[in-house]
Amino acid sequence: MFSELTGNAGVKDALKRMITSGRLPGALLFTGEEGVGKKRFALELARALNCRTPKNGEACGVCSSCERIAKLNYPEREDADEWTQIIWTNHPDVGLVVAPKRVLRVEQMRQIEKEANFRPFEGKARVFLIDEADKLNDASANALLKVLEEPPHTSHLILITARPAMLLPTILSRCQMIRFAPLTPAEIESHLLKDKSTDKKTAQLRARAAGGSIGRALANDLVTFTSQRKAMLGVLNALVMTNDRAQLLRSAEQLNDAQYKDEFEERLDVLETLIRDAWMLSLGVKTDVLVNADLLPELEKISQRIDPGRAADWILQIEDVREELIVNINRKVTTDALFLTMAGEVPPQKRPKIR
Ligand SMILES: [Zn+2]
């Protein structure tokens, strides 16, 4: 049932409305960050369409159709040929394709075209998930276009991607896009507590470190996150509380340290959540929406001295750096400049730029 999935209430409502009104488009595009549940929602949609006793656009979750659609039969061996074919659920009308070796192949799209032309074998609709749809190449995208041009009304295609910008405009224009939002720390925490055997404190910390993604919440290394957060809290303290320029430059240096090379952007993300939290607190926002609620005492002190206008600027400045990093690999100059700009030492418009 949709109600058992975590987050994205708006998406649930939209999908249920489409199902109950009989206006579900033949092709949907699920977009949104990795790990927010796009594939689970797609399978749930397939269940709702094929459930034997559906109610208000919801699958019952217990009939034999619902039960069989819940499980995808992924090949056991990584190099198995089955990866290049439709991977079926235990239900004959619902399957998925993934990109073997990072490319979705023409044969896979042709197989979907063939299967989509059949009427449902058993249920009411045939549903095909195309995972990592950004991995279509020109040839496979063109093969897919043929299916998208006139899908039989009992067949539905759900394209799934975190990078919709990689898709051809001709494909985008034939799909209805459904956007998934990142999950809130509270949503991730309740998911972790429900699904996995973890204690509340760990679940809270993982949820905060996850940046809106359940996938990341499960994969994250908590020791790293805790130390990253401590370092970035030091930066915010130096900016707001002590005005300690030397400390800022030390932090900039540390951020550029080769040993944290892979963590650079994560650390910027963490810094941004800390700034946002202190800023929110200064505006009197309730503490349960904070990402770093466990650091409340420190954040409260900072919030009493933070200037909301400056906090807003800092966030924009961090965003700028993220963009610059795409084209500019000289992180040292960029980071020194960022921290000095944040400290008000360099006016933003005169910030050195390297392109
Ligand atoms: Zn059912």
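My aim in this report is to walk through the structure given alongside it, one point at a time.

Parameters and conventions
Residues numbered from 1 in each chain as written. Predicted model: local features only at pLDDT ≥ 70, side-chain atom pairs only at ≥ 80, totals over all residues. Heavy atoms only, no water. Helix = DSSP H or I, 4+ residues; strand = E, 2+ residues; numbered from the N terminus. Buried < 20%, exposed > 50% of the residue type's maximum accessible area, 1.4 Å probe, protein only. Contact = heavy atoms within 4.5 Å. Areas by Shrake-Rupley, 256 points an atom, 1.4 Å probe, with all protein chains shown as cover. Pairing = 2+ DSSP bridges. Salt bridge = Lys/Arg side-chain N within 4 Å of Asp/Glu carboxyl O.

As for the overall build of the chain
Scanning the chain from terminus to terminus reveals 15 helices and 6 strands. Seen through its principal axes, the chain has C-alpha atoms that stretch 70 × 40 × 40 Å. Sorting the 355 residues of the chain into buried and exposed places 48% on the buried side. Long-range contacts, defined as pairs at least 24 residues apart, comprise 66% of the intrachain contacts of the chain with a sequence gap of at least 6. For the chain, the computed accessible surface area is about 18000 Å², with 51% contributed by carbon and sulfur atoms.

Here's the deal with the pairing of strand E5 (residues 155-161)
Burial analysis of E5 places 7 of its 7 residues in the buried class, which makes it a mostly covered element. Taking every second residue as pointing to the same face, both faces of E5 are buried, with Ser155, Leu157, Leu159 and Thr161 on one and His156, Ile158 and Ile160 on the other. With 5 bridges connecting them, strand E1 (residues 27-31) and E5 associate as parallel partners. Counted as the bridge partner of threonine 31 is threonine 161 from E5. Pairing analysis gives 5 bridges linking strand E4 (residues 126-130) to E5, with the strands arranged parallel.

Examining the pattern of salt bridges
Under the definition given, this model contains 20 salt bridges. Here aspartate 294 makes a salt bridge to arginine 229, at a shortest N to O gap of 2.8 Å. With aspartate 294 in the loop between helix H12 (264-282) and helix H13 (296-305) and arginine 229 in helix H10 (residues 222-242), the pair connects residues that are 65 residues apart, well separated along the chain. Bridged by salt links that share partners, the residues Asp269, Glu272, Arg276, Glu319 and Arg322 form one connected network.

On their own, these measurements won't tell you what the molecule is for.
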